[in-house]
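This is what each chain is made of:
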Amino acid sequence: MTVVGLDSTVQRAPGAKVRILETANHLFYEDGIRIVGVDRLITESHVTKATFYKHYGSKDRLILEYITSRARTERSDLTAMVQRNSNAEISLREYIDHILADMVKPGFRGCAFINAATEFADPLHPVRGVVRAHRDWLMGFLSDLLADLGHRLPGDAADELLLARDGAMSGGYAGDPIAASAALSRVSNRLIAAAADH
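These remarks concern the structure in this document.

Cut-offs applied
- The residue numbering used here restarts from 1 in each chain and proceeds along that chain's sequence as written.
- A pLDDT threshold of at least 70 governs which residues receive local features in this predicted model, and a stricter bar of 80 or more applies before side-chain atom pairs are shown or counted, although totals over entire chains, interfaces and linings include all residues.
- Water and hydrogen atoms were dropped before computing side-chain values, which therefore reflect all heavy atoms in the structure.
- For helices the rule is a DSSP run of H or I covering at least 4 residues; for strands it is a run of E covering at least 2, with both sets numbered from the N terminus onward.
- Here the term buried applies to any residue with accessible area under 20% of the maximum for its type, exposed to any over 50%, and partly exposed to those in between, with areas from a 1.4 Å probe on protein chains only.
- By the convention used here, residues are in contact when the closest approach between their heavy atoms is within 4.5 Å.
- To pair, rings of Phe, Tyr and Trp, with the six-membered ring standing in for Trp, must have centres within 6.5 Å; the planes then decide the type, stacked if under 30 degrees apart, edge-to-face if over 60, and tilted in the middle.
- By definition here, charges over rings are those cases where NZ of Lys or CZ of Arg is within 6 Å of the ring centre and within 35 degrees of the ring normal.
- Here, nonpolar core refers to any group of buried Ala, Val, Leu, Ile, Met, Phe, Trp, Tyr and Cys residues whose side-chain atoms link them within 4.5 Å.
- Take a side-chain nitrogen of Lys or Arg and a carboxyl oxygen of Asp or Glu: if they are within 4 Å of each other, that pair is a salt bridge.

Bringing the environment of alanine 147 into the picture now. Within the fold, alanine 147 resides in helix α7 (residues 126-149). As for alanine 147 and alanine 158, which are separated by 11 residues in sequence, their C-alpha atoms are 9.5 Å apart.

This part covers the environment of phenylalanine 108. Structurally, the position occupied by phenylalanine 108 is in the loop between α5 (88-103) and α6 (112-119). Judged by its relative accessible area of 12%, phenylalanine 108 is buried. In this structure, phenylalanine 108 is in contact with Tyr29, Asp102, Met103, Met169, Gly172 and Tyr173, ignoring residues within four places of it in sequence.

Attention now goes to the packing of aromatic side chains. Counted by the stated rule, this structure contains five aromatic pairs. Pairing phenylalanine 52 with tyrosine 56 gives two aromatic rings, centres 6.3 Å apart and planes at 45 degrees, and the pair type is tilted. Note that phenylalanine 52 and tyrosine 56 are positioned in helix α3 (residues 49-56) at a spacing of four residues, about one turn of the helix. Here a set of aromatic residues connected by ring pairs shows up, and it is made of Phe52, Tyr53 and Tyr56. A cation over an aromatic ring shows up here: lysine 17 above the ring of tyrosine 56, its NZ or CZ 5.8 Å from the ring centre. The ring of phenylalanine 120 has arginine 34 lying over it, and the distance from NZ or CZ to the ring centre is 4.3 Å.

Core analysis: the largest hydrophobic core is formed by 58 residues, its most contacted members being Phe28, Leu62 and Leu142. A per-element tally of this core places α7 first, with nine residues. Ignoring any residue separated from it by four or fewer positions in sequence, one finds leucine 62 in contact with Ile20, Leu21, Ala24, Phe28, Leu41, Phe52 and Tyr56.

Tallied over the full model, the rule gives 10 salt bridges. Between aspartate 31 and arginine 40 there is a salt bridge, with its nearest N and O atoms 2.8 Å apart. Where aspartate 166 meets arginine 135, a salt bridge forms, and the shortest distance between an N and an O atom there is 2.5 Å. Within this pair, whereas aspartate 166 is found in helix α8 (residues 154-174), its partner arginine 135 is found in helix α7, the two being separated by 31 residues in sequence. What makes arginine 135 partly exposed here is its relative accessible area of 22%.

Below you can see the structure in the form of C-alpha cells.
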C-alpha cells in the first residue's frame, strides 16, 4: 500500500513563500519590476495579502530577494557546470551555448540583471549592489576559465566576453537575435582561439 504523503514520486505544491518568489521571478522578468504591483503578485501567487506581508513584509524586500535569488541560482548553475566538465574550453563553450539557446526562447527579454539595474537608477540602491556583486563574480568566473584555457590576458579577455554577452543579450531582445548570436559566437571563438595560440 502506498501512503500518498510518503511516496517520493508525489510532488508537493510549493509553499506560499516559494510560490510568491516564483511568481515574482516570472512577472518581474517578463513585465518589469516596477510595473508589477503587489495586488497582481498576490493574485497570481494564489495567496492572501496577509500571507504576502507575513513572508516578505513589502514589495521592496521581495524585489531584493528576486534579484538575489537569480544571482544565487546562476552562480550555482555555473559552478556545477565547471565541476561536471573536463576542461575550461568545454565549460566556456557550454556557457555561450546556454546564452545562445536562451536568446531564441519565447519570452526572452535580455539579461535580468541589466534590466533590474535599468529600473533602479540610484547606484546606491540595494538592487544595484546585488547586480554589481554578481557581475563582479561573473567577471572573475570568466577570467578564471580563460586563465585555465591559457589566455595571456584573462582579465582583459573576460571584460571583452562579458561586454559581448551584454550586447548580444540586449541586441537579441531589442533587435535581431540571429545576428546577435552570431556576433557573440565570433567573439567567444576568437578568444578561445587566442588562448590556444599561447
